[in-house]
Amino acid sequence: MAATFHNTNKDIIIIKPQKKSPLLLRMSVLVFSMVCGVIICSVCLKQSSIHARTILLELQEIEKPSQSILNLTDIPYLHYPKPLSFNRSECGRNPVQFFAILTNQRSGSGWFETLLNSHINVSSNGEIFSVRERRVNVSTIVQTLDKVYNLDWLSSASKNECSAAVGLKWMLNQGLMEHPKEIVDYFNRRSVSVIFLFRRNLLRRFVSMLANSYDRYAKLLNGTHKSHVHSAEEADTLSKYKPTINSTSLLMDLKDMEMRAAKALEYFNTTRHMILYYEDLIRNRTKLKDVQEFLGLPQMELTSRQIKIHRGHLSDHIRNWDDVTKTLKGTAYESFLQADYSS
């Protein structure tokens with residue numbers, strides 16, 4: 001450091017430091033602030049991801065649903081609707097169970113719902129809240145639910161007077177997460193049983209989402225878009241498209257999926273519910289017996305005409321497989337790269 005010395009009568013030494021550039025100081029403070037911000041954000045994201053993954057892993061260990069067995073003594077869960085649109089006739093004395101399937105797009109919910117509707121006594125009315133007008137506020141949501149559970153919602157799935165279980169499929173991004181408290185209160189007040197349906201392998205779900213989004217515009221099946229197919233030929237045609245996954249944002253995308261599912265489980269954990277995973281249904285069809293028991297239904301063999309589109313190893317369905325592999329190697333999502341079920 002440069003300094004100038006001045007002798008006075010009192011022998012005082014005055015040191016004049018070299019002046020520093022104000023611009024350099026500002027730049028130093030700015031860089032320091034940016035580094036601190038990045039560190040804080042990364043720590044918060046890591047903690048959020050760990051929290052979400054902890055919730056999901058804990059719930060994956062649950063084999064039995066909450067309050068799983070529905071007996072005739074479970075009076076709050078037995079309903080005797082009196083629809084305005086028709087007369088239940090001799091079935092009026094038969095109780096009806098209310099349910100809701102809470103899930104995400106491309107999680108096997110379409111296939112699962114066709115399985116449920118193959119039961120002679122089940123009416124699952126599909127993705128009712130895909131229509132925005134039915135979910136603009138809590139009032140319209142309640143009005144729609146009341147109509148469904150009063151058996152006045154008419155659809156191709158309706159079994160009408162002799163339904164023993166009636167419900168719907170509700171996607172998490174269709175108004176459900178915007179009004180969780182009010183919907184939980186409604187479910188508990190009306191004794192609605194909740195079936196959570198998720199995918200363990202979020203990378204497979206991501207591939208299915210990208211492929212389905214592409215086909216909305218490409219319409220690979222003779223100019224027609226189909227989210228679900230009923231023949232091996234149609235499945236083969238749709239699976240020929242291999243999406244390119246943005247490996248830069250992939251980890252964040254997977255974390256977002258995890259967080260949304262974890263948040264739904266947190267919001268609705270006070271309801272009577274069971275948790276299903278698509279992969280478990282594929283591997284173990286006895287899970288469907290658990291569902292029927294949960295809904296208090298007579299046991300039946302459930303069937304579906306739907307055909308799985310993306311079969312085999314994931315490497316056959318991702319164009320930039322090497323990039324995706326490098327991105328997920330050594331992370332909590334590395335297991336997604338492996339085959340998680342046969343077919």
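Just so it is clear, the structure is predicted and the values come from calculations on it, not from any experiment.

(A) Quick peek at the layout of surface pockets. Here the largest pocket is characterised by a volume of approximately 820 Å³. Along its surface, the largest pocket is lined by 34 residues, and R106, G108, S208, S227 and H228 are the ones closest to its centre. Per-element tally for the lining of the largest pocket: the top contributor is helix α6 (residues 202-218), with seven residues. Each residue belonging to the lining of the largest pocket can be placed in one class, and the counts come to ten nonpolar, 15 polar and nine charged.

(B) Representation of the pattern of salt bridges in the model. Scanning the entire structure with this criterion turns up nine salt bridges. The residue R283 makes a salt bridge to D280 at a minimum N-O spacing of 3.1 Å. With a gap of three residues between them, R283 and D280 both fall in helix α9 (residues 278-283), about one helical turn apart.

(C) Quick peek at unusual backbone geometry. You will see that K219, though not glycine, has its phi angle at about 50°, which is positive. With respect to the secondary-structure elements, K219 resides in the loop between α6 and α7 (232-239). Taking the relative accessible area as the measure of exposure, K219 reaches 34% and is therefore partly exposed. Even without glycine at this site, N222 takes up a positive phi of about 55°. Its location among the elements puts N222 in the loop between α6 and α7.

(D) Geometry of the sheet that holds strand β5 (residues 273-277). Ordered in space as β2-β3-β1-β4-β5, the five strands form an open sheet in which the pairing is parallel. Edge strands, defined here as strands with exactly one partner in the open sheet, are β2 (122-124) and β5. Strand-to-strand, the axes of this sheet are offset by a mean angle of 20°, without reference to chain direction. By the bridge criterion, six bridges tie strand β1 (residues 97-103) to strand β4 (residues 192-198) in an arrangement that is parallel. Across the sheet, residue L102 finds its bridge partner in β4, namely F196. Each of β1, β4 and β5 is contacted by helix α10 (residues 287-294), which is oriented at about 160° to β5, the strand it contacts most.

Definitions and limits used
Residues numbered from 1 in each chain as written. Predicted model: local features only at pLDDT ≥ 70, side-chain atom pairs only at ≥ 80, totals over all residues. Heavy atoms only, no water. 1 Å grid on protein atoms, 1.4 Å probe; cavity = no way out; pocket = protein on both sides within 12 Å on 5 of 7 lines; lining within 4 Å. Points joined across faces, edges and corners; volume = space filled by probe spheres on them. Helix = DSSP H or I, 4+ residues; strand = E, 2+ residues; numbered from the N terminus. Nonpolar A, V, L, I, M, F, W, Y, C, P; charged D, E, K, R; others polar. Salt bridge = Lys/Arg side-chain N within 4 Å of Asp/Glu carboxyl O. Buried < 20%, exposed > 50% of the residue type's maximum accessible area, 1.4 Å probe, protein only. Pairing = 2+ DSSP bridges. Axes fitted to C-alpha atoms, helices over the stretch in contact; angles between N-to-C directions. Contact = heavy atoms within 4.5 Å.

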